Amino acid sequence: MMRSVLTGTGSALPVKRVSNAELAERVDTTDQWIVERTGIRFRHIAGPDETTATLAADASRAAIAAAGLAASDIDLIVLATATPDQTFPATATKVQAMLGIDDCVAFDVAAVCSGFLYAVQVADAMLRTGVHARALVIGAETFSRILDWEDRTTCVLFGDGAGAVVLEARDTDTRGILATKLHADGRHNDLLYVDGGPSTTGTVGKLRMKGREVFRHAVVNLAAVMGESLALAGLTIADVDWVVPHQANARILDATARKLGLAPERVVVTVDRHANTSAASVPLALDVAVRDGRIKQGDLVVLEAMGGGFTWGAAVIRI
Ligand code: COA
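Okay, so let's go over this structure. (Residues numbered from 1 in each chain as written. Predicted model: local features only at pLDDT ≥ 70, side-chain atom pairs only at ≥ 80, totals over all residues. Heavy atoms only, no water.)

Quick word on the pattern of salt bridges
Opposite charge on two side chains permits pairing when their charged atoms draw close.
Consideration 1: In this structure the tally under the stated criterion is 13 salt bridges.
Consideration 2: Note that E168 is salt-bridged to R134, the shortest N-O span being 3.6 Å. In this pair, E168 is assigned in strand 7 (residues 160–171) and R134 in strand 6 (residues 134–142), connecting sequence segments 34 residues apart.
Consideration 3: For R134, a relative accessible area of 28% corresponds to the partly exposed category.
Consideration 4: In this structure, K210 engages D190 in a salt bridge whose closest nitrogen and oxygen atoms are separated by 3.8 Å. With K210 in the loop between strand 10 (207–209) and helix 7 (211–232) and D190 in the loop between strand 8 (176–184) and strand 9 (192–194), this pair connects stretches of sequence that are 20 residues apart.
Consideration 5: Three or more residues joined by partner-sharing salt bridges are found here, namely R134, E168 and R170. (Salt bridge = Lys/Arg side-chain N within 4 Å of Asp/Glu carboxyl O. Helix = DSSP H or I, 4+ residues; strand = E, 2+ residues; numbered from the N terminus. Buried < 20%, exposed > 50% of the residue type's maximum accessible area, 1.4 Å probe, protein only.)

This is how it looks when you write it as structure tokens:
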């Protein structure tokens with residue numbers, strides 16, 4: 001059976017790491033409030049020379065090297081972001097140029113924090129048609145650029161970064177993406193959005209969020225979509241070695257795991273050091289757990305995320 005096999009992961013973070021105590025010098029907050037309510041201790045913030053594209057290119061180089069490939073082997077780039085370098089062209093084409101790839105298919109996907117899951121499903125479908133052979137799937141963001149640094153209810157929650165994976169089309173019935181499931185419900189625009197855009201205000205805008213309401217939807221939707229994706233693969237939560245969730249809030253991760261009856265030690269957690277990096281958070285956490293040896297070939301891994309829209313989704317992968 002033709003499947004998309006994950007053969008390499010990579011990630012990149014801005015050089016500058018900012019602690020809760022440093023944020024407390026800028027806005028009315030405390031390390032204790034942030035840790036207790038979110039589990040976040042640090043986030044990385046892009047400097048003037050670091051952009052969504054530069055972080056994405058660094059993560060991509062690491063993923064391509066881990067897969068044992070050259071950049072020229074890549075024939076498809078799908079990049080998930082809500083913070084592109086420019087309104088157009090797609091940041092994926094900028095990354096393509098940075099990697100020195102002469103010709104391939106390259107485009108962006110916008111589904112905010114679920115963007116990487118959307119990108120994975122799109123790339124998986126394109127690989128399984130046989131039209132493409134090796135895809136680079138990237139989640140990359142510089143949310144620090146769309147935060148209102150006067151709003152303590154949002155600015156403490158997010159960070160910048162990028163993660164990437166290489167997916168290769170292979171005829172196999174053991175490894176690869178076994179199932180994906182995506183959802184969107186556009187009625188919830190006003191709970192998590194950016195108050196600008198080219199077609200409305202003509203400005204980039206800032207992130208706005210009703211955190212408590214997002215939290216409530218997140219736990220219900222994430223538990224449900226993980227169950228749906230596992231059912232599509234003919235598996236149950238008992239078969240899962242690792243869950244790599246979107247890293248928004250440690251309390252969301254705990255509540256979702258409890259709802260599913262999932263042991264907390266099976267959940268990869270990086271929110272403490274990266275905060276919420278939107279589309280980058282899942283591939284960043286995946287790369288951390290692959291590189292520290294927790295996730296190994298043969299493991300059954302579930303990826304999940306939810307974000308603005310709302311959009312949400314999950315993917316079941318045999319590594
Ligand atoms: N520092 C100190 N106090 C803060 C604060 C901060 N950074 N941010 C908010 N507060 C205050 C609020 O003003 C409020 O004070 P009040 O009771 O006097 O009005 C109090 O803390 C509680 O605020 P509330 O919003 O009810 O807290 P919460 O327990 O819901 O936690 C979030 C807030 C944002 C951490 C939480 O709702 C959350 O994580 N939501 C999901 C967000 C998310 O995942 N978004 C991305 C999805 S992709």
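Description of the sheet that holds strand 8
Consideration 1: Reading across the sheet, the four strands line up as 8-13-12-11 and stay open at both edges, with mixed pairing between neighbours. Lying at the two open borders of the sheet, with one neighbouring strand each, are strand 8 and strand 11 (242–245). On average, adjacent strands in this sheet sit at an angle of 15° to one another, irrespective of strand direction.
Consideration 2: Direction of pairing for strand 12 (residues 300–307) relative to strand 13 (residues 311–318): antiparallel, over a ladder of eight bridges. The residue bridging A305 from the neighbouring strand is G313, located in strand 13. (Pairing = 2+ DSSP bridges. Axes fitted to C-alpha atoms, helices over the stretch in contact; angles between N-to-C directions.)

Structural notes on the side chain of R43
Consideration 1: Within the secondary structure layout, R43 lies in strand 3 (residues 42–45).
Consideration 2: Of the side chains with opposite charge, E22 lies nearest to the buried R43, which makes no salt bridge, at 7.2 Å.
Consideration 3: A polar side-chain atom of R43 sits 2.8 Å from a polar atom in the side chain of N20. (Lys, Arg positive; Asp, Glu negative; His and termini not counted. Polar contact = N/O pair within 3.5 Å; in protein donor to acceptor, adjacent residues only side chain to side chain.)

Regarding the packing of helix 3 (residues 52–66) against helix 4 (residues 91–99)
Consideration 1: Between helix 3 and helix 4, whose axes approach to 9 Å, the crossing angle comes to 55°. Taken together, the axes of helix 3 and helix 4 are oblique relative to one another. Handedness of the helix 3/helix 4 crossing: right-handed. Contacts from T52, A53, T54, A56, A57, S60, R61 and I64 of helix 3 reach helix 4 at T91, K94, V95, M98 and L99.
Consideration 2: When the residues that make up the contact of helix 3 with helix 4 are grouped by side-chain class, the tally is seven nonpolar, four polar and two charged. (Parallel < 35°, antiparallel > 145°, perpendicular 65-115°, else oblique. Left-handed = near helix turned anticlockwise from the far one by under 90°. Contact = heavy atoms within 4.5 Å. Nonpolar A, V, L, I, M, F, W, Y, C, P; charged D, E, K, R; others polar.)

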